[in-house]
Amino acid sequence: GLAPDASGGLAEAFVARLTPGIEGLVELALATKAQTAVEMLQAAHRQAVAHGRSEKKENNLVASEHPRLRSYAAPFDAQLRMLFWRKACMLARDPVLLVLQVAMPLVFGVFLGLVFQGIGNQEFGIPTLQ
């Protein structure tokens, strides 16, 4: 027959040698207090100000006094405006897209309207079946 496979012994030696080191690193990581998201943003801001990076405000480069702690970089209205502008540019490049996006809902709306036309004028239930 064939010689027995030595992979089991190799795996056991690997675990025996590395497990104590890994467990020590895990204990050290659990004992160390990490920064919160706000603390990380404030530290990044301090570092940016210290290295002379700045924000653009009203065509003048001035260092920002406070870090940005909001959830999003741009406000909702600016994001919405950019989405509308992007959609308008896409429609201007491809007029067929405009026809499809307007015509398809109209066709489906008319079709469903014809299917269910007059359904609200009848009583539904047992008297209808007799």
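Residues numbered from 1 in each chain as written. Predicted model: local features only at pLDDT ≥ 70, side-chain atom pairs only at ≥ 80, totals over all residues. Heavy atoms only, no water.

### With respect to the overall build of the chain
Here is step 1 of the chain: What the chain contains, in helices and strands, is 5 helices and 2 strands.
Here is step 2 of the chain: Listing each helix as α and each strand as β along the chain from the N terminus yields α-α-β-β-α-α-α.
Here is step 3 of the chain: Here the chain holds 130 residues, and 4% of them are scored as buried.
Here is step 4 of the chain: As displayed, the chain offers around 12200 Å² of accessible surface, 66% of which is attributable to carbon and sulfur atoms. (Helix = DSSP H or I, 4+ residues; strand = E, 2+ residues; numbered from the N terminus. Buried < 20%, exposed > 50% of the residue type's maximum accessible area, 1.4 Å probe, protein only. Areas by Shrake-Rupley, 256 points an atom, 1.4 Å probe, with all protein chains shown as cover.)

### A short note on the pattern of salt bridges
Here is step 1 of the chain: Applying the stated criterion across every chain yields a total of 1 salt bridge.
Here is step 2 of the chain: Among the salt bridges present, the one from Asp77 reaches Arg81, with a minimum N-O distance of 3.8 Å. Here the residue Asp77 and the residue Arg81 both occupy positions in helix 3 (residues 76-93), the gap between them amounting to 4 residues, near one helical turn.
Here is step 3 of the chain: Overall, the relative accessible area of 53% leaves Arg81 in the exposed class. (Salt bridge = Lys/Arg side-chain N within 4 Å of Asp/Glu carboxyl O.)

### Some words on a nonpolar patch on the surface
Here is step 1 of the chain: A cluster of nonpolar side chains, contributed by Phe14, Val15, Leu18, Ile22, Val26 and Leu30, occupies part of the molecular surface with about 590 Å² of accessible area.
Here is step 2 of the chain: Among the secondary structure elements, Val26 is positioned in helix 1 (residues 7-31).
Here is step 3 of the chain: Val26 gets classed as partly exposed once you look at its relative accessible area, which sits at 41%. (Patch = residues over 30% accessible without salt bridge, like charges linked within 9 Å, V, L, I, M, F, W, Y side chains within 5 Å.)

### A closer look at the packing of helix 3 against helix 4 (residues 95-115)
Here is step 1 of the chain: It is the contact of helix 3 with helix 4, at a shortest axis distance of 5 Å, that shows an interaxial angle of 110°. The angle between helix 3 and helix 4 places the two elements in the roughly perpendicular class. From helix 3, Lys87, Met90, Leu91, Ala92 and Arg93 reach across to helix 4, where they touch Pro95, Leu97, Leu98 and Gln101. (Axes fitted to C-alpha atoms, helices over the stretch in contact; angles between N-to-C directions. Parallel < 35°, antiparallel > 145°, perpendicular 65-115°, else oblique. Contact = heavy atoms within 4.5 Å.)

### Here's the deal with helix 2 (residues 37-50)
Note: α-helices contain 3.6 residues per turn, so residues at a spacing of three or four share the same orientation.
Here is step 1 of the chain: An ideal rise of 1.5 Å per residue puts 20 Å on 14 residues; helix 2 measures up with 20 Å between its terminal C-alpha atoms.
Here is step 2 of the chain: Of the residues flanking the end of helix 2, it is Gly52, one or two places downstream, whose phi is positive at about 80°. (Expected span 1.5 Å × (residues − 1).)

### Quick notes on the confidence of the model for the chain
Here is step 1 of the chain: For the chain, per-residue confidence averages 80 on the pLDDT scale, and 78% of positions sit at 70 or higher.
Here is step 2 of the chain: Mean pLDDT in the chain bottoms out at strand 2 (residues 60-62), which sits at 48, and peaks at helix 3, which reaches 92.
Here is step 3 of the chain: In this model residues 57-61 is a low-confidence stretch, pLDDT under 50, and it forms 5 contacts with partners more than four residues away in sequence or in other chains. (pLDDT = per-residue confidence, 0-100.)

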